[in-house]
Amino acid sequence: MEHWIPTIPLLIAIAGLWWKLTTSVATKEDIKELKADMREIRQMLFTHIGSREKHS
């Protein structure tokens, strides 16, 4: 049983590194999606403002 003791911190470190890598990738994808949504909203807003100015 004593031969497993040095392996436990290594497994915890690997799991922590895997979690950090996978969550940072997901976060980057979420940021890209949010930026795309913001661009679309901005374009819709400017289109709406432009159409109101034509009617005035």
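Visitor: Sorry if this is basic, but what is going on with the overall build of the chain here?
Guide: A tally of helices and strands in the chain yields 1 helix and 0 strands. For the chain, with 56 residues in total, the buried portion stands at 0%. Accessible surface, the chain as shown: approximately 5,600 Å² in total, 69% of it carbon and sulfur.

Visitor: Explanation requested: a negative patch on the surface in the structure shown.
Guide: Judged by side-chain charge, Asp-30, Glu-33, Asp-37 and Glu-40 come together as a negatively charged surface patch. Within the secondary structure, Asp-30 sits in helix H1 (residues 7-55).

Thresholds, definitions, all that
Residues numbered from 1 in each chain as written. Predicted model: local features only at pLDDT ≥ 70, side-chain atom pairs only at ≥ 80, totals over all residues. Heavy atoms only, no water. Helix = DSSP H or I, 4+ residues; strand = E, 2+ residues; numbered from the N terminus. Buried < 20%, exposed > 50% of the residue type's maximum accessible area, 1.4 Å probe, protein only. Areas by Shrake-Rupley, 256 points an atom, 1.4 Å probe, with all protein chains shown as cover. Patch = residues over 30% accessible without salt bridge, like charges linked within 9 Å, V, L, I, M, F, W, Y side chains within 5 Å. Salt bridge = Lys/Arg side-chain N within 4 Å of Asp/Glu carboxyl O. Lys, Arg positive; Asp, Glu negative; His and termini not counted. Charge placed at Lys NZ, Arg CZ, Asp CG, Glu CD.

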